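Single-letter residue listing:
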Amino acid sequence: MLRKVLMTLFVPFILVLLSGCNEDSSKKQEEKEVLKVGMELAYPPFEMSDKDGTPSGVSVDFAKALGDYLGRKVVIENIAWDGLIPSLKTGKIDLIISSMTITEERKKSIDFSTPYARTSLAILANKNSEVKSIEDLDKEGKKIAVKKGSTGHVYAKDNLKNAEILVFDKEAACVLEVVQGKADGFLYDQLTIYRNYAQHKDTTVALLKPFQKDSEHWGVALRQNDPIKKQVDEFIKKAKEDGTFDSFAKKHLTQAKKTFDELGVPFFF
């Protein structure tokens, strides 16, 4: 009799316990199937938001196509630039797709996919600055605006010893300095320089031809030794071969590509 009573009490307890385990397991599986991609939605047309706040741009389309390839639902996490790598390392996000240049310094703490795009630094110069080259900018009395932590910042710090370097947190602040004549030039990637010149043709000049020895390459940033890197590399190879990246350019970068082609400047993809 006692055995029957104990069984009557014990069986429901086991069922509840198993149910809870199944729920936890399902929740963990669901979380695993979500691919959290970090990017700073402040760099159109690569990373930006629509009027309703929906993430859009080349990198967003890239992330979604990658998610389809991996069979995982993509969630875009909008994170300030200097918080992207810390968020990746602590597991808040799974990947970074945010026009991030592959550098040896960054590779000390994170991994990168095979490159998916190439670019070079360019100069947005004030129209009255008489700056026509990087040599003109690196002179006593010249002022250079750079975004903190960008490759333009690194290049200026390492190579431009004569000019005064003005460091800002936001791209827009750098552009404003040039537009208002408070800085002679702004160093950033070619597309950003082209885009800002198009908005300020009366006050600026875009010097798009590369002045670095080597082009910069963008990659998907991952945690070190993450096995997903193999699949990401496979997708990038496939996307280059089947025209996926060309479709991104056609959708978001038509006018820029035309200008680059006219100047004989290598394009991103």
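Treat the numbers as computed from the prediction; the structure is a model and nothing was measured.

Cut-offs used in this document
Residues numbered from 1 in each chain as written. Predicted model: local features only at pLDDT ≥ 70, side-chain atom pairs only at ≥ 80, totals over all residues. Heavy atoms only, no water. Salt bridge = Lys/Arg side-chain N within 4 Å of Asp/Glu carboxyl O. Helix = DSSP H or I, 4+ residues; strand = E, 2+ residues; numbered from the N terminus. Buried < 20%, exposed > 50% of the residue type's maximum accessible area, 1.4 Å probe, protein only. Phe/Tyr/Trp six-rings, centres within 6.5 Å; stacked < 30°, edge-to-face > 60°. Lys NZ or Arg CZ within 6 Å of the ring centre and 35° of its normal. Expected span 1.5 Å × (residues − 1). Contact = heavy atoms within 4.5 Å. Pairing = 2+ DSSP bridges. Axes fitted to C-alpha atoms, helices over the stretch in contact; angles between N-to-C directions. Right-handed = clockwise from strand over helix to strand, strands pointing away. Core = buried A, V, L, I, M, F, W, Y, C linked by side-chain atoms within 4.5 Å. Domains from an automatic or database assignment. Left-handed = near helix turned anticlockwise from the far one by under 90°. Nonpolar A, V, L, I, M, F, W, Y, C, P; charged D, E, K, R; others polar.

Quick word on the pattern of salt bridges
Part 1 of the reasoning: Enumeration over the complete set of coordinates arrives at 12 salt bridges.
Part 2 of the reasoning: We note a salt bridge from glutamate 40 to lysine 147, for which the minimum N-O separation is 3.3 Å. Residue glutamate 40 is found in the loop between strand E1 (34–39) and strand E2 (48–49), and its partner lysine 147 is found in strand E9 (residues 143–147); the two are separated by 107 residues along the sequence. Lysine 147 matches glutamate 40 in its accessibility class, with the two residues each being buried.

Concerning the packing of aromatic side chains
What characterises a pair of aromatic rings is the spacing of the ring centres plus the angle enclosed by the ring planes.
Part 1 of the reasoning: This structure, assessed with the given rule, holds 14 aromatic pairs.
Part 2 of the reasoning: Plain terms: the ring middles of tyrosine 43 and tyrosine 188 are 6.4 Å apart, the flat faces sit at 90° to each other, and that makes the pair edge-to-face. Here tyrosine 188 lies in strand E11 (residues 185–189) and tyrosine 43 lies in the loop between E1 and E2, a separation of 145 residues in the sequence.
Part 3 of the reasoning: By relative accessible area, which is 12% here, tyrosine 188 ends up buried.
Part 4 of the reasoning: Their ring planes at 50° and their centres at 5.5 Å tell us that tyrosine 69 and phenylalanine 235 sit as a pair that is tilted. Residue tyrosine 69 is found in helix H2 (residues 58–70), and its partner phenylalanine 235 is found in helix H8 (residues 228–241); the two are separated by 166 residues along the sequence.
Part 5 of the reasoning: Stacked on the ring of phenylalanine 267, the Lys or Arg lysine 257 has its end atom at 5.8 Å from the ring centre.

Examining H2
Part 1 of the reasoning: Over its 13 residues, H2 runs 18 Å from end to end, which matches the ideal 18 Å to within 8%, given 1.5 Å per residue.
Part 2 of the reasoning: All buried positions along H2 are accounted for by Val58, Ser59, Val60, Asp61, Phe62, Ala63, Leu66, Gly67 and Leu70.
Part 3 of the reasoning: Those residues of H2 that are buried are in contact with E1, strand E3 (55–56), strand E4 (73–78), strand E5 (95–96), H8 and helix H9 (244–252).
Part 4 of the reasoning: Once H2 ends, the next one or two residues include glycine 71, with phi positive near 70°.

Some details on the sheet that holds strand E10 (residues 164–168)
Part 1 of the reasoning: On the basis of which strands lie adjacent, the open sheet formed by five strands has the order E10-E9-E11-E8-E12 and mixed pairing. The sheet is open, and its two borders are formed by E10 and strand E12 (204–207), each paired with just one other strand. Taken pair by pair, the neighbouring strands of this sheet meet at an average axis angle of 25°, ignoring direction.
Part 2 of the reasoning: In terms of strand pairing, strand E8 (residues 121–126) meets E11 through five bridges, oriented antiparallel. Following the sheet pairing, alanine 122 is matched in E11 by tyrosine 188.

Some words on the pairing of E10
Part 1 of the reasoning: Inspection of the sheet shows E9 paired to E10 by five bridges, in the parallel sense. Paired with lysine 143 across the two strands is glutamate 164, which belongs to E10.
Part 2 of the reasoning: Chirality of the crossover, the property in question, places the unit of E9, helix H5 (residues 151–159) and E10 among those that are right-handed.

Some details on the nonpolar core
Part 1 of the reasoning: Ranked by size, the top nonpolar core spans 48 residues in total, and within it Phe62, Ile97, Tyr116 and Phe186 carry the most contacts.
Part 2 of the reasoning: By residue number, the principal contributor to this core is H2, which donates six residues.
Part 3 of the reasoning: When residues of this core are assigned to domains, at least three map to each of domain 1 (35–118 + 217–263) and domain 2 (121–207).
Part 4 of the reasoning: Counting 15 residues, the second largest nonpolar core, distinct from the first, contains Ile123, Ile144, Ala163 and Leu207.

Quick notes on the packing of H2 against H9
Part 1 of the reasoning: Running from N to C, H2 and H9 point in directions that differ by 150°, and their axes come no closer than 10 Å. You can see that H2 and H9 cross each other, and the crossing is right-handed. Contacts between H2 and H9 involve Val58, Asp61, Phe62 and Ala65 from the first element and Phe245, Phe248, Lys251 and His252 from the second.
Part 2 of the reasoning: Looking at the contact of H2 with H9, its residues break down into five nonpolar, one polar and two charged.

Overview of the environment of serine 87
Part 1 of the reasoning: For serine 87, the position within the fold is in helix H3 (residues 81–89).
Part 2 of the reasoning: Serine 87 sits in the buried class, given a relative accessible area of 8%.
Part 3 of the reasoning: Each C-alpha atom of the pair serine 87 and glycine 38 lies 8.1 Å from the other, and the pair is 49 residues apart in sequence.
Part 4 of the reasoning: The residues touching serine 87, leaving out its near neighbours within four places in the chain, are Ile79, Lys92 and Ile93.

Examining H5
Part 1 of the reasoning: Three or more residues of H5 are buried, namely Thr151, Gly152, His153, Tyr155 and Ala156.
Part 2 of the reasoning: Tucked into the core, H5 has its buried residues touching E8, helix H4 (134–137), E9, E10, E11 and strand E13 (216–218).

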